[in-house]
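The residues making up each chain are set out below.
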Amino acid sequence: MTSGKPNTTSGSNRNNAQAAKAARQSGVSVPASITPATSGKRGKREQIVKAAVKIFLEKGFAATSMNAVAEEAGVIKATIYSHFKDKEQLFAAIIQEITLKKVPIDLANPEPMLALAPEEFIDLFTDKFCRLLKDPEYHALFRVLIGEAERFPQLANIYVRTVIMPSMGLVTKYYEMHKELEISDAQATAHICAGSFISLMLWQQILGGEKLLPIEASRVKETLKSMILRPLKDKN
């Protein structure tokens, strides 16, 4: 026997779902209050990733088990597999957490960056590298990648696909678009910019070179800027 009282809860949920759908279709961001289930799922995923960062960076890829990650995250192992199909996919999320989420660059929406003036664009990307150079988690990630690349080459491939290729693609496209910079090989120039900071981190932080011959990242940044912007300064 059903009550004559209307089911306001189900009606409210239905309205919220419709509002969320309409907002997504119109390109408007959906507040967490409209989609509590989605918000909760996202929060659980972030909880797992943060726990995985700690365990992977302490133990390395081979020695890390999903059980250990589950215990650190305070969830059951099945919850991890509801978000990540395997350990490699979880490691990809760790790479994003340590690199892309720590710098203010939206690779999925490159148009605003491509519209920047050359000096602004170079500052944006070089500041990203300078920030990561100071990050102990980033150093630890590189140690894991280098230390386990021979046994697990897919880990390095994940990093290349997740971080290097999208970043290189954006910088290459920018240099190709801005003919006033007179760059004859945009991709090679993008590599030189990124490689300068990666090699600096490797021999300064990871290999301990900063104790023997310290070189500040700001010096590398300003030298690269001077080289790339020289055609503009020559015209002035």
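Provided above is the structure to which this section pertains.
For the structure given in this document, a descriptive report is provided here. (Residues numbered from 1 in each chain as written. Predicted model: local features only at pLDDT ≥ 70, side-chain atom pairs only at ≥ 80, totals over all residues. Heavy atoms only, no water.)

Here we look at the side chain of T64
Thought 1: Mapped onto the elements of the fold, T64 is located in the loop between α2 (36–59) and α3 (66–73).
Thought 2: Look at T64 and you get buried, because its relative accessible area is 3%.
Thought 3: In terms of polar contacts, T64 uses its side chain to reach the backbone carbonyl oxygen of G60, at 2.6 Å.
Thought 4: For T64, the residues in contact, after removing those within four places along its chain, are I55, F56, K59, V69 and K87. (Helix = DSSP H or I, 4+ residues; strand = E, 2+ residues; numbered from the N terminus. Buried < 20%, exposed > 50% of the residue type's maximum accessible area, 1.4 Å probe, protein only. Polar contact = N/O pair within 3.5 Å; in protein donor to acceptor, adjacent residues only side chain to side chain. Contact = heavy atoms within 4.5 Å.)

A closer look at the pattern of salt bridges
Thought 1: Taken as a whole and assessed by the stated rule, the structure comprises 12 salt bridges.
Thought 2: Residues K54 and E72 are paired through a salt bridge, measuring 4.0 Å at the closest nitrogen-oxygen approach. Note that K54 is positioned in helix α2 and E72 in helix α3, a separation of 18 residues in sequence.
Thought 3: Here K102 ties to D135 by a salt bridge, and the two come within 2.6 Å at their closest N and O atoms. Of this pair, K102 sits in the loop between α5 (87–98) and α6 (111–114) while D135 sits in the loop between α7 (118–133) and α8 (136–148); the two residues are 33 residues apart in sequence, bridging distant segments of the chain. (Salt bridge = Lys/Arg side-chain N within 4 Å of Asp/Glu carboxyl O.)

Observations concerning the nonpolar core
Thought 1: I80, L90, F91 and L141 are the most contacted members of the largest nonpolar core, which totals 48 residues.
Thought 2: When residues of this core are traced back to their parent elements, those giving at least two are α2, α3, α5, α7, α8, α9 (153–177), α10 (186–206) and α11 (217–235).
Thought 3: For this core, the element with the highest residue contribution is α2, accounting for eight residues.
Thought 4: Dropping the residues within four chain positions of it, L90 is found in contact with I48, A52, F56, M66, V69, I80 and F84.
Thought 5: With 17 residues, the next largest nonpolar core counts L114, I122, L181 and I228 among its residues. (Core = buried A, V, L, I, M, F, W, Y, C linked by side-chain atoms within 4.5 Å.)

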